[in-house]
Every structure is written in C-alpha cells, then in structure tokens.
Amino acid sequence: MLYIFLSVCCSVTVSILLKLARRYQINVAQAITWNYSIAALLTWIFLKPQPDSITHPPLNLYLLLGVLLPLIFYVMAAAIKGAGIVRTDVAQRLSLLISLGAAFLIFGDSLSVVKGIGILTGFAAIFCLIPWQTKHVVSQNNKNTWLYLLGVFLGFGVIDILFKQMAQTKTAPYSASLFIVYVAAFLVSVLGTIYQITFKKKRFLFRHIFFGWILGVFNFGNILFYLKAHQALAKDPSTVFTAMNIGVITGGTLIGLLIFKEKLSTLHKVGVGLAVTAILLIAYSS
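I will try to describe carefully the structure that is included in this document.

Quick look at a nonpolar patch on the surface
Okay, so step 1: On the surface, a cluster of nonpolar side chains totalling about 410 Å² of accessible area is made up of Leu41, Trp44, Ile45 and Phe46.
Okay, so step 2: Inspection of the secondary structure puts Trp44 in helix H2 (residues 28-46).

Put into structure tokens, the structure is as follows:
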C-alpha cells in the first residue's frame, strides 16, 4: 500500500504543478518538453531498458503515443486552468470507462450486470462533473473548458488502450518500449517548443527547464510506483487499481478545496461521489 500512496502523491503533484505553472509564469509547452527528457532518463536508470532486445517494434504505437502524450498534457493543463484540479482529476480517472469499453470490444471481456451498472454510474458522474453553470468556467476566457475536460477523458482513455496494446507486444519488452515512447514524446515536444520560440516569440528560460524536470520526476514516479504496487500485489490487481483511482480523486479533491479554494456545487459533489461509486462497482466486478 506504500507504493500506491506514493503513486497517488506523484499523480496529484503533477496536477498541482500544472495548476501553479500560470502563477509563476511558466511556459507549459517548454515545461512539458523537458518533463519528457527527465522521464526518459529516469526510465533508463530505474527500469534499465534494452532497446536492442526489440525484434519487431510496434512503430504505429510508438508514433501515436509519442504524439498523444505531450498533446494530452497540453489539454490537461488547459483543463486545470479552467475547471480546476478536482474535476480534471476525476475526468482523467473516469477515462477507465473507455478502457473498459475496449476490454469488451477489443480484448474479449464479458459484460456483467455489476459492470453495466458501474458504466452507467460513471457516465452519470461525468454529466454531474461537467461545469455547466460555473461562473468561473463559462467566462469569456474559459468558455471551452468542457471541451478540455472531454479531451482529458478521451485522451487518457485512448492512451491507456495504446499502453495495454504495447504491453501485450511480445516482440518488444515493455521497459524498452516505454523508453522509446518517452524519447519520441520529447522529440515531438521539442518541435512544439521550437515553433513557439520561432513564431510565437516565446522566450527560452532556464526556469521552464527546471520546472519541467520537476514535473518529469513526479510524472515518472507515478508510473514507477504504480508498477511496483502491481508487482507487490501481483495476485490482487483490483486492489491496486481501485485504491489508486479513489486515492487520486480524494487527494485531488482535498488539494483543490483546501489549498486552491476551489468551489464545488452540490451537483459536482454528487459527481465525485458517483465517480468513486463507479470505480468501486467496476473493481468489484473484475
């Protein structure tokens, strides 16, 4: 359970850092770029990948993940800016519904009554968590916030499916594939940074690099401790999955409410409760 706790802390910290980026005038695009540089380095150090052991690399998965990973970070940063940590974290965790759908349609899983109830509960939670009438969200600068939340939901769901497919590729060890994906994401992000500096006249500052490195440490830590938790509880993966998701939702809610003074309506509080309920139902039916 210690690994789960550490993974939850890292995941929530990533959201906090993205929330603080604007306050400290951090260029998110540049920070995200350097985040992947340190993530790739830490993957090399701790997971000891061997890229030369890949016999038939799934290049399509590498390319898709290399593009989607930095892109979803941009969308997540915009969602946190407009909708806050609480609803962004919940939208991210509810992306498990997409993974569940893929399990039925792609991986041949069966649908039980409990799973069906869990799916319906999850969609009800999403509806409640969309900030339909929040003044902060529907202001002129944040009128498209619901699109960012939807992007977080869809983006993390698709990425999860791609990671599962990558993990099932027997011709490419997972650690080596993860390293290649991080390097690809770094290269794609570099192109975005060059575009900003060249055409948007954004300044290249060391604080963006330093902030990105910190972000990368916690981004990698989230994955590292999550994998270690699954190794420690190899016979009980549903416990890891459930504790991780509920922990992130709870932690994000507490941070958002207590530190950033985010206000949730009664409908949004009901949404958080439904989200936790949906995760419990899906885990119970696994």
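With respect to the packing of aromatic side chains
Okay, so step 1: Across all of its chains, the model carries nine aromatic pairs by this definition.
Okay, so step 2: With a centroid separation of 6.0 Å and 70° between ring planes, the pair formed by Tyr36 and Phe73 is classed as edge-to-face. With Tyr36 in helix H2 and Phe73 in helix H3 (residues 59-83), the pair connects residues that are 37 residues apart, well separated along the chain. Comparing Tyr36 with Phe73, the two get one shared label, buried.

A word on the environment of Val28
Okay, so step 1: Tracing the sequence through the fold places Val28 in helix H2.
Okay, so step 2: By relative accessible area, Val28 is classed as partly exposed at 24%.
Okay, so step 3: Each C-alpha atom of the pair Val28 and Ala78 lies 9.6 Å from the other, and the pair is 50 residues apart in sequence.
Okay, so step 4: Sequence-distant contacts of Val28, that is, excluding residues within four places in its chain, are made with Ala21 and Ala77.

Observations regarding the packing of H3 against helix H8 (residues 174-199)
Okay, so step 1: Where H3 contacts H8, the two axes come as close as 8 Å, and the packing angle between them is 55°. Between H3 and H8, the interaxial angle falls into the category oblique. As for how H3 packs across H8, the hand of that crossing is right-handed. Of the residues in H8, those in contact with Tyr62, Leu65, Gly66, Val67, Leu69, Pro70 and Tyr74 of H3 are Ser177, Ile180, Val181, Ala184, Ala185, Val188 and Ser189.
Okay, so step 2: Residues belonging to the contact of H3 with H8 are distributed by class as follows: 11 nonpolar, three polar and no charged.

About the cut-offs
Residues numbered from 1 in each chain as written. Predicted model: local features only at pLDDT ≥ 70, side-chain atom pairs only at ≥ 80, totals over all residues. Heavy atoms only, no water. Patch = residues over 30% accessible without salt bridge, like charges linked within 9 Å, V, L, I, M, F, W, Y side chains within 5 Å. Areas by Shrake-Rupley, 256 points an atom, 1.4 Å probe, with all protein chains shown as cover. Salt bridge = Lys/Arg side-chain N within 4 Å of Asp/Glu carboxyl O. Helix = DSSP H or I, 4+ residues; strand = E, 2+ residues; numbered from the N terminus. Phe/Tyr/Trp six-rings, centres within 6.5 Å; stacked < 30°, edge-to-face > 60°. Buried < 20%, exposed > 50% of the residue type's maximum accessible area, 1.4 Å probe, protein only. Contact = heavy atoms within 4.5 Å. Axes fitted to C-alpha atoms, helices over the stretch in contact; angles between N-to-C directions. Parallel < 35°, antiparallel > 145°, perpendicular 65-115°, else oblique. Left-handed = near helix turned anticlockwise from the far one by under 90°. Nonpolar A, V, L, I, M, F, W, Y, C, P; charged D, E, K, R; others polar.

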